[in-house]
Amino acid sequence: MFDLLIRHTDLLQTLPTVEAVRDQDIAIRGTQIAALAPGGTLPVEQAAHVIEATGMLAAPGLINAHAHVPMVLFRGLAEDVSIENWFNDYIWHVEANLTAEDVYWGALFGIAEMIECGVTTVADHYFFMDSVAQAITESGMRALLVTAMFGTSENAETELNASTVFIERWHGAAEGRIRAWLGPHSTYICPEPFLRKVAERAKAIGTGVHIHVSETREQVTASLAKTGRTPVEMLKTTGLLDSPTIAAHVAHPSHFDLQILSDHDVGTVHCPKTFLKLAAGMSPILTLRDQGISVAFGTDGAASNNTLDILEAARLAALVQKHERRTPTVATINETLQMAFIGGAEVLRLGDNFGTLAVGKTADLILIRQDGVAMQPLINIPANLLYSASARDVDTTIVNGRVLMQGRKLLTLDKAAIIREVQTRLPRLLQRLPEKRIQTYRP
Ligand SMILES: [Zn+2]
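Okay, so let's go over this structure. These numbers were taken from a predicted model, which means no experiment stands behind them.

1. Remarks on the pattern of salt bridges
Thought 1: Tallied over the entire structure, the rule returns 24 salt bridges.
Thought 2: In this structure, Arg425 engages Glu101 in a salt bridge whose closest nitrogen and oxygen atoms are separated by 2.8 Å. Here Arg425 is found in helix 15 (residues 415-429), whereas its partner Glu101 is found in helix 2 (residues 100-116), with 324 residues between them in sequence.
Thought 3: The exposure class assigned to Glu101 is partly exposed, which follows from its relative accessible area of 48%.
Thought 4: Measuring nitrogen to oxygen at the nearest pair gives 3.2 Å for the salt bridge that ties Asp242 to Lys203. Here Lys203 lies in helix 5 (residues 192-205) and Asp242 lies in the loop between helix 7 (231-237) and strand 11 (245-249), a separation of 39 residues in the sequence.
Thought 5: Since its relative accessible area comes to 47%, Lys203 is described here as partly exposed.
Thought 6: What emerges from the salt-bridge pattern is a single network uniting Glu101, Asp102, Glu421, Arg425 and Arg428.

See the structure below:
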């Protein structure tokens, strides 16, 4: 018996290269893909549920490798401003208003958007993470969660202990869909002694670290002036790189930084839309990849990125590389989609059962409509996916074998109720009081 049979779908293979196989059946049993076969050959009578997917494309679920999901609450608040203004005049004021309940509703709001965009896994970095974990549990999505830590107050030890308790409480929860690591904010916010403590704790409890690294050139210059080391060198000398690390951004690595990254267990995340908007510079993703360093795509928060759409991130990533190198043959469709699918699974340390659709792999997958005019004709399906598809073409989202959206209807979340609830919270959340700010940005 199969729990779910998807019939007559085109299927996107991601290994060894990205290509579409026409007209396939996909059978799911429990949380795994149990069978793949030519369309119409798997027995319908042995399936508890059937999705007729003629004309659709099945792809692995998309992975958002760096986000601040509840920031969807602040989408559109701080536009056309510098990164300093963005932090100091807007975001760090309104984040001082957040309660655990606000973050819960913000997380549900962002998760709804991601399920609609075909994102099945997110690495989230925020505050009140019990609320985010609760929202992930209820939604059916998969996540790697960290509590953002500043380590700047005299309560730094308490902050680190609370993060450790969060990991104990949630790592492996929700049928294993939730994992939890440590999340020091960055080398420019966190004091060096605190980063050393985080590194020791990560090693002691055998967990990983998710941190912002070298977002702007000013951050690198300031780090060199203050410590004599680049942010990447700081990661190494504080011991953080002795544990698996997600380094978000890495926009300005030196030659020596690249060597350090490739010598350690580090995955990097590229968020091109936020970086284009903030004119912060771009991660040299092709150079990183050539050094054997994993690259995935992320959206950062929607207060800078405006969407949580990984297809959009992948498209921008490819276009920016072609533009920056003045060479149209780089960042090919194959390379870019492999970063999205395989790179995402690598950077989140999800293991071999993710990022690819094959028998025995975890059933995290999406179905994308191809009957829209912009998706036709089907001369090059991977090209259509990268350069023509809209997130709104995602029809069905499946995580761990469970259907979270079908026919663009969310099955685990009440979208109207979430939007209503967020609306009632916004007037209070958007107040910016001069005396209330959770942190100060100095590169
Ligand atoms: Zn970020």
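2. Re the coordination of the zinc ion
Thought 1: The coordination sphere of the zinc ion, as far as protein atoms go, consists of His66 (NE2), His68 (NE2), His212 (NE2) and Asp300 (OD), spread over 2.1 to 2.2 Å.
Thought 2: Between the 4 donor atoms coordinating the zinc ion, the angles at the centre fall across 83 to 171 degrees, so the site counts as irregular.

3. Quick look at empty space enclosed by the protein
Thought 1: One pass over the structure, following the stated rule, counts 2 cavities of 30 Å³ or more.
Thought 2: Computed from the structure, the largest cavity encloses a volume of approximately 260 Å³.
Thought 3: Lining the largest cavity are 22 residues, and of these His68, Trp86, Phe87, His212 and Asp300 lie nearest its centre.
Thought 4: Elements supplying a minimum of two residues to the lining of the largest cavity: helix 1 (83-94), strand 7 (119-126) and helix 9 (272-277).
Thought 5: With 5 residues, helix 1 is the largest single contributor of residues to the lining of the largest cavity.
Thought 6: Of the residues in the lining of the largest cavity, the class split is 12 nonpolar, 7 polar and 3 charged.
Thought 7: Estimated volume of the second largest cavity: approximately 60 Å³.
Thought 8: Together, Pro60, Gly61, Ile63, Thr120, Thr121, Asn353, Phe354, Gly355, Thr356, Leu357, Thr362 and Asp364 line the second largest cavity.
Thought 9: Considered class by class, the residues forming the lining of the second largest cavity number 4 nonpolar, 7 polar and 1 charged.

Cut-offs used in this document
- Residues numbered from 1 in each chain as written.
- Predicted model: local features only at pLDDT ≥ 70, side-chain atom pairs only at ≥ 80, totals over all residues.
- Heavy atoms only, no water.
- Salt bridge = Lys/Arg side-chain N within 4 Å of Asp/Glu carboxyl O.
- Helix = DSSP H or I, 4+ residues; strand = E, 2+ residues; numbered from the N terminus.
- Buried < 20%, exposed > 50% of the residue type's maximum accessible area, 1.4 Å probe, protein only.
- Donors = N, O, S within 2.8 Å, 3.2 Å for Na, K, Ca; no water.
- Tetrahedral: all angles 85-135°; square planar, octahedral: opposite > 155°, others 65-115°.
- 1 Å grid on protein atoms, 1.4 Å probe; cavity = no way out; pocket = protein on both sides within 12 Å on 5 of 7 lines; lining within 4 Å.
- Points joined across faces, edges and corners; volume = space filled by probe spheres on them.
- Nonpolar A, V, L, I, M, F, W, Y, C, P; charged D, E, K, R; others polar.

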